[in-house]
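# Remarks on the overall topology
As a plain string of letters, each chain reads:
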Protein chains: 2
Amino acid sequence: MESAIDTHLKCPRSLSRRVAADYVPPFPMWVARADPSLKQVVMGHFGVQSKSGDGLANAASLDALRHIVATFQATDGPGHFDLVDYADTDGYDNRMAIAYWTDPAAFARWQDAAPVRDWWQSDARLSDGLGYFREILAPRVDQFETLYAFRDALPGVGAVMDRVSDEIEEHGYWGSMRDRMAASQTDWLAAKGELCVVAGDPQARGRVVIGGHDNLCLIRSGQDWEEAGAEERTLYLEEIEPTLRAGMDFLRDQGASIGCYSNRYVRHIDLDGRPVDQSFDLGHWRSLDLLERWAESHPTHLRIFVTFFRVATSLEKLRLYHEVLVVDAADQYYEYIHCHPNSGLMRDARIGADAN
Amino acid sequence: MESAIDTHLKCPRSLSRRVAADYVPPFPMWVARADPSLKQVVMGHFGVQSKSGDGLANAASLDALRHIVATFQATDGPGHFDLVDYADTDGYDNRMAIAYWTDPAAFARWQDAAPVRDWWQSDARLSDGLGYFREILAPRVDQFETLYAFRDALPGVGAVMDRVSDEIEEHGYWGSMRDRMAASQTDWLAAKGELCVVAGDPQARGRVVIGGHDNLCLIRSGQDWEEAGAEERTLYLEEIEPTLRAGMDFLRDQGASIGCYSNRYVRHIDLDGRPVDQSFDLGHWRSLDLLERWAESHPTHLRIFVTFFRVATSLEKLRLYHEVLVVDAADQYYEYIHCHPNSGLMRDARIGADAN
């Protein structure tokens, strides 16, 4: 058993952990580890938006996604990426490639190289009938945490990290998410500033840049039932998934009132757009504490939590995990190109507000 | 809005609160306040046990309860008391008088006065066919906290305190119970020592004294639907109570494995033994953190919590409250006289263990 906070990220605490040193979790969980040389990761979410039911746009969207994936193969491309899709409530289908870099400088070189830069900056992106978006978040290693109910083939950011931990101490209680994040040793991680429209006009459907604020929080909470046997598949699809979906629909539709800027319950797909038996929720929150409040008090989430507690020790092939980060205002970039005005972080961004 | 920790009990923290200074609870709750002159309270639980279905024993039990209540009227008697009953799973009915003193010296004088002392020490208590028990806990003011969803006629320990607070900050999140307790500012409140048989043999049904240990934790969590209108009565009796009962039954029957030494879901009664529309759970735990773990992860408690969150702002006459304490080994006294061996804290006490 070891702390979720890696040795080289430990520091004298000014804020205490929620539980005492003798706390023992009720079942084992693990986190991803990286060598001390890892200082900051880049998580890039690259999206394509097309009108639902429009076959031509759908095909074009898939081509665009393939183009984005092709650019990943260039020098300085990401160490790992996932493909997903989701339908939004404004009548659009969205596909996304989510990519992870372990070197912000490499990401910057990749993004600034002509083929990538020119494609995203091209006026064609405004006029080819599709919407496009980029959401880039670059948390430092002390600003994100992971949690896995398994030890092999870590997904998401775990795929670009170096190894898996021993069983960790900080899980199985409310507040453990915060306790796993190294920055929480000395910082409340409070939101500072406002989500704001930095450039463009969301209603005009042109090119819009949204500015994030300090300690904006992102959670990726994933499920993988590809290898699950009949029993676990039934457990997941009949017991966990409907409750999960209800909770995710609540956050998508009513999240604004409780600090959830955007919530996308996405399904993994292959390069042909076909669904794969993996999914995750991608939720942007104003702050970690607002995410905590929802997680620990909303009926749908508590129901998921109770089910997970019940089955955690008997899981075989069903893979449940999450990654959570907070991030500085300067380490976020959100750009929407010809997207509908409720897309992503545009919905809740204030026009005329200042990020800091 | 003010802190649940009264001004004169504030001290520089070595342990942080779970939530930041800008936390705002989702609905109002209040705590009991006392003048700084209050240093320690005494909570005395005086019980009578009779075989279920034995009419004569039942009548004798009621007489004994009345006798105990009569002794409360003597000099130095308690400032407040409640009468309750509960059936245990060993085939016995139990009646209890729960009394509160604000002055440990007055309690000591009361207990040592001949009429009280002699009655409890009399050999007649061992041979009149009934069981008797005394469970006395005397927490200092920094070792207990209260929480009320209402502001008038505070029950339990609140009845001997001086007034009600303004709306308090520390509630509506897991960990707030601990955060309301002044001692938690600098102390993890960890259990130290073992629950042990100090004198006598529980199996022999004689006179048994159980020794508590440091930071043993007691919760009284109450419900009062006496004045509730039809709608709130239905809410309580049909939605809250069955779930509450399931949770309390779990703790009563399976609590030993998770650190719950004793759990009694009791109904208020009058001096004739007739039920009143008030109840509470009285739970003894090895420690506050074990109580926290159960409360925040057990399905039945989460269901109660969710229901309470949903209705909290619309409660009119339904009165929900709790009081929670931790207590030094030296400030506890548990005596069982001719009770069955699973009574109260006897069940989990180790023979030959040392309290410290």
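Structure: see above.
Residues numbered from 1 in each chain as written. Chains lettered and ligands numbered in written order. Predicted model: local features only at pLDDT ≥ 70, side-chain atom pairs only at ≥ 80, totals over all residues. Heavy atoms only, no water.

### Details of the packing of aromatic side chains
Quick note on the threshold: Each pair of aromatic rings taken from Phe, Tyr and Trp, with Trp reduced to its six-membered ring, is defined by centres within 6.5 Å and is described as stacked if the planes are under 30 degrees apart, edge-to-face if over 60, and tilted in the remaining cases. Relative accessible area decides the class of each residue, using a 1.4 Å probe on protein chains only: under 20% of the type maximum gives buried, over 50% gives exposed, and in between gives partly exposed. In this analysis the charged atom, NZ for Lys or CZ for Arg, is taken to sit over a ring once it is within 6 Å of the ring centre and within 35 degrees of the ring normal.
Here the structure, examined in full by the defined rule, presents 48 aromatic pairs over all chains. The interplanar angle of 40° and the centroid separation of 6.2 Å between the aromatic rings of Trp285 of chain B and Trp294 of chain B together place this pair among those described as tilted. Exposure remark for Trp285 of chain B: the relative accessible area of 1% places this residue in the buried category. Taken together, the ring pairs in this structure connect Phe46, Phe72, Phe81, Trp101, Phe107, Trp110, Trp119, Trp120 and Tyr132 of chain A into an aromatic cluster. Across from the ring centre of Tyr132 of chain B, 5.1 Å away, lies the NZ or CZ of Arg125 of chain B, which sits over that ring.

### Looking at the packing of helix H7 (residues 288-297) of chain B against helix H8 (residues 299-311) of chain B
All names here are of chain B. The condition is simple: Every angle, taken between N-to-C directions, lies between 0 and 180 degrees, and every axis is a line fitted to C-alpha atoms, over only the stretch in contact when it is a helix. Only DSSP runs of H or I with at least four residues qualify as helices, and only runs of E with at least two residues qualify as strands; both kinds are numbered from the N terminus onward. Should an angle fall under 35 degrees it is taken as roughly parallel, and over 145 as roughly antiparallel, whereas 65 to 115 is taken as roughly perpendicular and any remaining angle as oblique. The contact definition used throughout considers only heavy atoms, calling two residues in contact when any of these lie within 4.5 Å. Classes in brief: Ala, Val, Leu, Ile, Met, Phe, Trp, Tyr, Cys and Pro nonpolar; Asp, Glu, Lys and Arg charged; the others, Gly included, polar.
It is the contact of H7 with H8, at a shortest axis distance of 5 Å, that shows an interaxial angle of 70°. Put simply, H7 runs roughly perpendicular to H8. Residues Trp294, Ala295, Glu296 and Ser297 of H7 form the contact with H8, whose own contacting residues are Pro299, Thr300, His301 and Leu302. Counted by class, the contact of H7 with H8 contains four nonpolar, three polar and one charged residues.

### Quick word on the interface of chain B and chain A
So the rule is basically this: Each of two parts loses accessible area, computed with a 1.4 Å probe, when they are put together; buried area is these two losses added. The salt bridge criterion pairs a side-chain nitrogen of Lys or Arg with a carboxyl oxygen of Asp or Glu, the two atoms within 4 Å. Polar contacts, as used here, are pairs of N or O atoms within 3.5 Å; protein pairs need one atom able to donate a hydrogen and one able to accept it. Residues neighboring in sequence count only if both atoms are side-chain atoms.
Taken residue by residue, the interface counts 20 residues in chain B and 20 residues in chain A. Taking both sides of the interface into account, the surface hidden between chain B and chain A amounts to around 1900 Å²; carbon and sulfur atoms contribute 61%. One can count four salt bridges joining chain B with chain A. For Arg18 of chain A, the salt bridge goes to Glu292 of chain B, with nearest N and O atoms at 3.4 Å. For the pair chain B and chain A, the interface holds seven residue pairs in polar contact (both at pLDDT 80 or more). Looking at the side of chain B that touches chain A, the elements that each hand over two or more residues are H7 and H8 of chain B. Among the elements that make up the side of chain B that touches chain A, the one with the highest residue count is H8 of chain B (five residues). Taken together, the residues of the side of chain B that touches chain A break down into twelve nonpolar, three polar and five charged.

### What about the pairing of strand S11 (residues 260-269) of chain B?
All names here are of chain B. The test is simple: By definition, two strands form a pair when at least two bridges between them are found by DSSP.
Of all ten residues in S11, nine are buried; the element is thus mostly enclosed. As judged from the two bridges shared by strand S3 (residues 80-87) and S11, these two strands associate in the antiparallel manner. Across the sheet, Asp85 pairs through a bridge with Arg267, a residue of S11. Of the pairings in the sheet, the one linking S11 to strand S12 (residues 275-285) comprises eight bridges and is antiparallel in character. The partner of Arg264 across the bridge, within S12, is Leu282. A loop of five residues connects S11 with S12, the two strands running antiparallel in sequence, and Gly273 in this loop sits at a positive phi of about 80°.

### Here's the deal with helix H2 (residues 104-112) of chain A
Residues and elements named next belong to chain A. For clarity, the threshold we go by: Starting at the helix axis, one direction is taken to each C-beta atom, and the arc is that of these directions.
Within H2, burial applies to Ala106, Phe107, Trp110 and Gln111. Projection of H2 onto a plane perpendicular to its axis shows the buried side chains occupying an angular sector of 130°, all on one side. Residues of H2 that are buried sit in contact with strand S2 (42-51), helix H1 (55-72), strand S4 (92-101), helix H3 (114-121) and strand S5 (131-137).

### Comments concerning helix H8 (residues 299-311) of chain A
We count it as follows: Expected span, for any helix, means 1.5 Å times one less than how many residues it has.
When the terminal C-alpha atoms of H8 of chain A are compared, their 18 Å separation across 13 residues agrees well with the 18 Å that a helix rising 1.5 Å per residue should span. Among the residues making up H8 of chain A, those that are buried are Thr300, His301, Leu302, Ile304, Phe305, Val306, Thr307, Phe308 and Val311 of chain A. Each element contacted by the buried residues of H8 of chain A is listed here: helix H6 (230-254), helix H7 (288-297) and strand S13 (319-327) of chain A together with H7 and H8 of chain B.

### So, the relation of the copies chain B and chain A
Note the cut-off: For the least-squares superposition of copies, only C-alpha atoms count, and only for residues with pLDDT at least 70 in both.
For the match of chain B to chain A, the screw axis carries a shift of 0.0 Å, the RMSD comes to 0.0 Å, and the turn is 180°. Here the two chains are linked by the operation of a two-fold rotation axis. When C-alpha positions in chain B are compared against the rotation axis, the closest is assigned to Ser16 of chain B, at 2.7 Å. With an isologous cut-off of 70% or more, the 100% of interface residues of chain B that recur at the interface of chain A puts this contact in the isologous class.

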